[in-house]
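# Topology and contacts: notes
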Amino acid sequence: MLLIKCPFCGDRDELEFSCGGEAHIARPLAENTLTDAEFADYLFLRDNPKGVFLERWIHTDGCRRWFNVARDTVSHEIIEVYPMGETPKTEAAKAAHKASWRRQTAAEAAAKPASPAGRSGS
Amino acid sequence: MASLQNVHGASALHGIAAASSPPPQGSRGAVVMRDTGLLDKINLRCDAGNTVINEALSRVVGTRLPAEPNRFHVSGNRRIAWLGPDEWIILAENGSADTITAGLDLPEAGHVAVNNVSDALGSIILEGEHTRDALAKHCALDFHPTVFTPGIVQQSLLSHAGVTIMCLDDNAFQIIGRSSFMPYIVALLKDAMIEYGYEFQPA
Amino acid sequence: MKTRFMKKSGTKPAAMRLPEGGRINRGKPVQFTFDGTSYQGFEGDTLASALLANSVYLVGRSFKYHRPRGILSAGAEEPNALIRLGKGARIEPNLRATQIELYDGLTSESQNRWPSLNLDVGAINSLFHRFFPAGFYYKTFMWPASFWKSVYEPVIRNAAGLGKAADDHNDPDRYEKTHQHCDVLIAGGGAAGLMAALSAGASGARVILADEQNEFGGWLLSEGDTTLDGEASPAWIAATLARLEAMENVTLLPRTTVFAYMDHNYITLMERVGDHMAECPAHLPRQRLWKIRAREVVLAQGCHERPVVFGGNDLPGVMLSGAVRSYINRYGVAPGRRAVVITNNDDAYRTVFAMIEAGIHVAAIVDMRPAAAGPLVAEAMRMGLSVHSSHAVLAAEGTRHLGYAKIARYNPKTGDVTGDPFYIDCDLIAMSAGFTPLVNLHSQARGKLEWDEEFCCFKPSTYHEAAQSAGAGNGAFDLATAMAEGAKAGAEAASRIGFEASPAQAPAIDAPVADFRPLNFWGVPSDAAPGSGPKAFIDYQNDVTASDIKLAVREGYQSVEHVKRYTTNGMATDQGKTSNINALGIISGELGATIPEVGTTTFRLPYTPTSLGAIAGRDIKGLFDPVRLTRMDPWHREAGAKFEHVGQWMRAWYYPQDGETMEEAVNREVRRARTHAGILDASTLGKIDIRGRDAAEFLNRVYTNAWLKLPVGRCRYGLMLKDDGMVMDDGVTTRLGENHFHMTTTTGGAAGVMAWLEEWKQTEWPELEVYLTSVTEQWSVATVSGPNARIILEKLGCSVSLRDDSFPFMSCKEARLAGLPVRIFRISFTGELSFEINIPSRLGMALWKNLMQVGSEYGLTPYGTEAMHVLRAEKGFIIVGQETDGSVTPHDLGMDWIVSSKKPDFIGKRALERASMALKDRKQLVGLVTENPMDVIPEGAHAVLDPNQPMPMEMLGQVTSSYFSPNLNQSIAMAMLKGGHAMKGETVWFPMIDGSEPIKATITDTVFYDPKGEKLNG
């Protein structure tokens, strides 16, 4: 069982958290002109990399706050925990963020620019 | 017209009978678990730095918001406990909720939400040398006396129930859970305390 | 030779018990039974040592060939002596006799034999061993496929497995768990572990030291030739334990197996609290599972000795050399009278001297090394013992117990036998083929291993977790090195996490200087023609022989993982503790590769079998899952209600009166709600308080319809979608103030909706000023519905007017009812005049009782969730999760009216515009009326256009809700049918799974009752 550092409550067992899947998926703004296929990149497609993965977690049975986690899916090492709306600070996690295919999608381009929000944070 | 104005109402543990189990050999004494009865509880949402609210709290509760996570402040028999970066719970004596919520209903305070949750939550207090041992059976928090010290509040799971746990004294803890989970929590803890002996006292 | 065994006079003490020595308590004799015969042992015995003391050598039959088996080891690695322990519901199978502590009244049975241990019919398998080669199951049970279910599977299942579980499944014992945190967890309390604890403990770190045995000390307890600080090792152990016990920061856990090592130093331990007692006190658990989060871990698990592979090496009487020494020194038992020793290292010589000391005749020492030398060998020769260098045991012979050993000179390079065999009578063979560090936990934690060429073993190399190994488990077999490593590891662990620590002072050690390096030879010396010699076992528990492994390699299995699965080597309950390295040696020999090239299989948890009871803990019966009750629950119970589970809630389902059936009760409740009034406990509905400047905007985004202009005091029904456009929840939300709303959700969806809204608020729209607070349980809810609803509330005394003009449908008022503070919502899920009364839940019961009292005059009838379902179905109201399944849009439900076309955005808006959402053949919600009004279509039934078409039939969709409507006196149903909206008036059929006549129905609108909504105003 992973030991996850909630940015507010501190180190807690994974059992208290829920994983919200891939982080940094920007939601296209309403006025987008995306095709169905482009919109599907936002709606349906999720990454599943071997190695550093940026994902969202919520401390369900603690303070009920969302935050981002950079986790190595092979070693399970938690490289970084950082707030919603921000991008990672460590080199490995920054590289993972930059390398994501999603950065190049029309769906992301149609999202609000550099939002302070988590899912839209780019 | 019928009038029920004198009805006092029932705590979340209403109907759970007094019960006890004697401390077996080797126990350092039975754990006493009691229903705190109709304790008022107010959920407060605002920025930690909201000065209007902090000043209002000083007036109507007697202490300010604990800005540090996992801490609670005490003023007499009232307490304000941290639940999240913009969320707190105020515990106060029965009948005080209306006065406190009214005292916090200030237009100049800005973005604030005050909710009377007195009946949404139930509360018990456990006291005795084996309290930490009993809680550790169903909760993964570190109950070591040098770690979970008086003044600390933590939210976690007590087996399958979400709870807020406050350390009141070296061997005294208060458990706050959702009302409908309180019978389960009491049953769970009574079972866990058989090893040490216990006494359950209804309100 | 002078015999030192007890004279066999009377029944006690046992014949093979040595007159003195050992850590048994001779003042405390205990009685026990094995296969129905009574024996005596002493407190401190294991079942294995007590059986050996009583000359019981045959203790079980092997898995596949039913061969006679005896006690091989003295610890957790035991593959043979598997016991069914206990009586009645307490029976536990497959326990290792070497780890069962003896207590008075212990009852044990051997396994895998029929009708008895001595006469076993299954042993005939042994005669057919040519038909049980490696991969037997895969080769035999292949054809025909139809035989699998009827023949092969029952046969295999009957033959598979060893022990039988208790017939009575009501285990009477308690099992508990505890969660603990520590700075340093030390697994293993032998010499290295104790030293680690001394170092870490002195630093002030929180230390937990766990050992699976009843006493700390590990192998020190079995060595008679070692002194520490000038005293026998038990004295040093006692002094060390006294020092550790005096440290408040150190927790000692004897009888506790560290059995699993998971991510981020999460480690589970099994403490056997009461297993060693004749009767475990009722207040204590029998076993306790420790879940520990450690900052640092020291692994000091020690090592296991490897068997020598030769023909008949599984006969009772053939034992591991260290185990022989342990039985003599720790338990005061002689495991035989006349012994042969076979070894490829020095350690077995210590057993030789221990046997001689105990009066056991050592008939021969067979040393596989080409030129055995060194002080211990010299000592044996000086004592006049016959030491045969460069020799091997070719076979052990005997029927149910060892009789003699066949020995010959061999070539340690090739394995060829080079001299004539000779035979030596013996009832004990002590064997040693070197030592295997216990890297199980290290490997579970994904630590890497390296091959130690000198000691022929895998040992830890790099660590994945914050851990380190010490002692024999790290390949340090020499006591002084092990203790130094332990002391250093304990200090290192503590200092890594900020404690000031230094290695504890090790005692002065006086022990024989032994060369633990084994001969690097993995062949099986034999003079028999290939395939015809006696079986040489690698995996005793799964009956895998050296030839099986060779055959598997010849058949093309090269990966060690494949050989494992094909031969089943290492797959039994002992998980290959004694067989792993020997199997690798044989595979490497056959492949001409080195052992590190072959690699090793993955160690998985648990280290030793762990009872399911301990894993379940107290999550059983009433504590298995919380049951949530409303404040009015005692009233429902008193009224005789039947209940149904809705999520964790228990809700009143229906209230049968005077022997009514469910159908009769529900029909009565449904009718009364429309003719008089009904009352429903709706407390379980989710309730969320929403506040802030942007509260209306927030609702505008999460619901499909418009919310900005809802007046204060008014309610609105809302539908929530996921961003894929599919319906996820619905409910009524009320504007209590300009910036203040009260949302309701479905009972089952309450937690999910709260989490959903928080997710969007926190992650997508943090700029919105809105706070969400769950107030579900703050309010008890009584819904009064029906033509008499208004008068009942008025009679109770309501502080506000309930007339239509001042309190219209879809509005809310704060009021006092009977003087109590309430919020009344005039909303309706029945289609009748209806008031949902919310009251602080401490007063819920008081309100309910008074409503019932006042309402009885007006026919107020409590109704349960079943009647609620019928009432809403009569009105065609959907239930999310019943009509919907996550693939249904508002348009599919015919609820286009609730989807705003003007709002710029809401969750699901863009997805609803996808091309696939407009397909004509999407399943759409329709009503159904059966041709025969009394036919109620089963929910889930599938619709077809032609019931006579050949199978598989073309199916249109399924019935989602179906009831008999007592108000309409006919069956009604709702269904999701392909293109259903365009099929109004058409006929569909529902074929029945039981072959009865298909039900014929007509597609209708979904509103069956009061389509104009005239009853809403009473």
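Residues numbered from 1 in each chain as written. Chains lettered and ligands numbered in written order. Predicted model: local features only at pLDDT ≥ 70, side-chain atom pairs only at ≥ 80, totals over all residues. Heavy atoms only, no water.

Residue and element names in this part refer to chain C. Strand order in the open sheet formed by five strands is β36-β37-β38-β35-β39, and the pairing between neighbours is antiparallel. In the strand order of this sheet, the two ends are held by β36 (715-721) and β39 (771-774), each with one partner. Recorded for the sheet is a direction-independent mean angle of 30 degrees between the axes of neighbouring strands. Here strand β37 (residues 727-737) pairs with strand β38 (residues 740-745) via four bridges, running antiparallel. Its bridge partner lying in β38, R735 is registered against F741. In the packing of helix α19 (residues 695-702) onto the sheet, contacts are made with β35 (686-691), β36, β37, β38 and β39, and the angle to β38 comes to roughly 30 degrees. Of the strands in this sheet, β35, β36, β37, β38 and β39 are in contact with helix α20 (residues 750-764), which crosses β39 at around 165 degrees. (Pairing = 2+ DSSP bridges. Helix = DSSP H or I, 4+ residues; strand = E, 2+ residues; numbered from the N terminus. Axes fitted to C-alpha atoms, helices over the stretch in contact; angles between N-to-C directions. Contact = heavy atoms within 4.5 Å.)

Turning our eyes to something else, we now look at the pairing of strand β12 (residues 198-201) of chain B. All names here are of chain B. Side-chain alternation along β12 places Y198 and F200 on a buried face and E199 and Q201 on a face that remains uncovered. Two strands pair when backbone bridges link them, and strand β1 (residues 19-21) and β12 are joined in this way by three bridges, in the antiparallel orientation. Note that in β12 the partner of A19 across the bridge is F200. One ladder, built from four bridges, connects strand β2 (residues 31-35) with β12; its direction is parallel. Counted as the bridge partner of R34 is Q201 from β12. (Buried < 20%, exposed > 50% of the residue type's maximum accessible area, 1.4 Å probe, protein only.)

As a further point, take the interface of chain C and chain B. With 51 residues of chain C at the interface, the matching set in chain B holds 52 residues. Between chain C and chain B the total buried area reaches about 4,200 Å² when both faces are included, carbon and sulfur atoms providing 50% of it. Looking only at chain C, the three residues that lose the most surface to chain B are H283(C), Y771(C) and R842(C), adding up to 20% of its buried area. Run the count over chain C and chain B and you get nine salt bridges. With a closest N to O distance of 3.8 Å, R45(B) and E758(C) form a salt bridge. At the junction of chain C and chain B, the tally comes to 31 residue pairs in polar contact (both at pLDDT 80 or more). Secondary-structure elements contributing two or more residues to the side of chain C that touches chain B are β8 (175-187), β35, β39, α21 (789-796) and α22 (844-855) of chain C. Looking at the side of chain C that touches chain B, the element that brings in the most residues is β8(C), giving six residues. Looking at the side of chain C that touches chain B, its residues break down into 19 nonpolar, 15 polar and 17 charged. (Buried area = accessible area lost by both parts, 1.4 Å probe. Salt bridge = Lys/Arg side-chain N within 4 Å of Asp/Glu carboxyl O. Polar contact = N/O pair within 3.5 Å; in protein donor to acceptor, adjacent residues only side chain to side chain. Nonpolar A, V, L, I, M, F, W, Y, C, P; charged D, E, K, R; others polar.)

Residue and element names in this part refer to chain C. By the element assignment, R306 lies in the loop between β16 (303-305) and β17 (318-320). Here R306 sits buried without a salt bridge, and the closest side chain of opposite charge, E305, lies 9.2 Å off (N-O distance). Among the polar contacts made by the side chain of R306, one reaches the main-chain carbonyl oxygen of F435 at a distance of 3.1 Å. (Lys, Arg positive; Asp, Glu negative; His and termini not counted.)

Before going further, it helps to examine the domain arrangement of chain B. Residue and element names in this part refer to chain B. Here the domain parsing of chain B yields domain 1 (19-37 + 119-201) and domain 2 (40-116). Computed over C-alpha atoms, the centres of domain 1 and domain 2 are 25 Å apart. Counting residues at the interface gives 13 residues for domain 1, matched by ten residues for domain 2. Between domain 1 and domain 2 lies a buried interface of about 1,100 Å² when both sides are counted; carbon and sulfur atoms form 60% of it. For the pair domain 1 and domain 2, the interface holds zero salt bridges. Summed over the shared surface of domain 1 and domain 2, the number is five residue pairs in polar contact (both at pLDDT 80 or more). (Domains from an automatic or database assignment.)

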